[in-house]
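Reading the structure
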Amino acid sequence: MRGPTLSRRLSASGQEILLLAALVALFLVVGWINPRFVSQNNLTSIFVGNAYIAVAAIGMSMVIISGHIDVSVGALIGVLATVSGLLVTGGYPVWLSWLLPVLLGGVVNAGLGVLIAYLKVPSIIATLAMLSILRGGLITVTGGAWISGLPPSFQLAQFRLFDVPSPVWFMIVMTVGFAFVLRSTAFGRAIYAVGGNPEAAEASGIPYKATIVKVFALHGLIAGVSATLFATQLQVIQSTVPNGLELIVITAAVVGGVSILGGVGTVVGSTLAAILFAAIGSSLIFLNVSAYWLRAVQGILILATVLADMARRGRTG
């Protein structure tokens, strides 16, 4: 048991080092070609504008490590961001407009966890259904209109601490915190165990069903934080989130080293991958290359990562 565990940890660390090296190389090369790419304004745009994606990828990573997937996270973020905006424009306290979406996300995804763990609905089916429900409900309630008239005190994503934007702090603190949870707590070890071998986990006394519900509930809470960051970064709240957000979040988790088969991965890698995608997208603009190539790059990276993971699992048995 120790051998595979050690090899998987070394593999995850190797993926993190590879992503970090790719980020450094990208900044050096593109910055040399076009110095504006590494200007303070562009770096702020890369990190601040995409921190909510990195945060969402933390929860997604834990879901995939547990052996499941959630394709509804983009729609959930959109709904929770709208709830946040409606609360604050409806005269409710700012703190409530930040907190309630987080709690609501936890409740919604806890329900998903119950469907998946106790009623044995496949996660892809349960979350596809939730995707349709959330998207349909969002358009019905908002009519496609954006929410404006947001007070300055609501703009959490525009706050700074030690001159560092708050989304960057959220991204760093949550990545470090949940990396600790996964590596050093009984709950973290249970997530890896149920994702790697559910039967063996239950035989060893780990409650599979309860663990899955907790993972999905935690994922929902994290999606709520992501939604709050998304809702507070501009002067208006879009009635829809960026197209394909759930795919970006899933891709960040998988390219970050999380095995699509479950039981392997880290949240540090998913955060680095999310930043890398944002940097690649920005670099294409500065190199006068069509931004549509970003999707192609993401597809190539996820395919290469999955194939490498399958080959690695084949070697380790």
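Below or above, wherever it landed, is the structure these notes cover. All values derive from a computational prediction rather than experimental measurement.

Analysis parameters
Residues numbered from 1 in each chain as written. Predicted model: local features only at pLDDT ≥ 70, side-chain atom pairs only at ≥ 80, totals over all residues. Heavy atoms only, no water. Patch = residues over 30% accessible without salt bridge, like charges linked within 9 Å, V, L, I, M, F, W, Y side chains within 5 Å. Areas by Shrake-Rupley, 256 points an atom, 1.4 Å probe, with all protein chains shown as cover. Salt bridge = Lys/Arg side-chain N within 4 Å of Asp/Glu carboxyl O. Helix = DSSP H or I, 4+ residues; strand = E, 2+ residues; numbered from the N terminus. Buried < 20%, exposed > 50% of the residue type's maximum accessible area, 1.4 Å probe, protein only.

Overview of a nonpolar patch on the surface
A cluster of nonpolar side chains, namely L20, V24, L28, V29, W32, I33, L287, V289 and W293, defines an oily patch on the protein surface of about 930 Å² accessible area. With six residues, helix α1 (residues 2–33) is the single largest residue contributor to the nonpolar patch. Tracing the sequence through the fold places V24 in helix α1. Taking the relative accessible area as the measure of exposure, V24 reaches 42% and is therefore partly exposed.

Quick word on the pattern of salt bridges
Applying the stated rule across the entire model yields three salt bridges. Its salt-bridge partner being R183, residue E16 comes within 3.7 Å of it at the nearest N-O pair. In this pair, E16 sits in helix α1 while R183 sits in helix α6 (residues 166–184), placing the two residues 167 residues apart along the sequence. The exposure class of E16 is buried, given its relative accessible area of 13%. Put simply, R135 and E246 hold a salt bridge, and the shortest N to O gap is 3.2 Å. One end of the pair, R135, is in helix α5 (residues 123–142); the other, E246, is in helix α10 (residues 245–255), and 111 residues separate them in sequence. Its relative accessible area of 41% is what places R135 among the partly exposed residues.

Focus: unusual backbone geometry
A positive phi is found at F162, a non-glycine position, where the angle reads about 55 degrees. As for its placement among the helices and strands, F162 is situated in the loop between β1 (160–161) and β2 (164–165). Of note, D163 is a non-glycine position whose phi angle comes to about 65 degrees, a positive value. Secondary-structure assignment places D163 in the loop between β1 and β2.

Without other data, these values stay purely geometric and don't point to any function.
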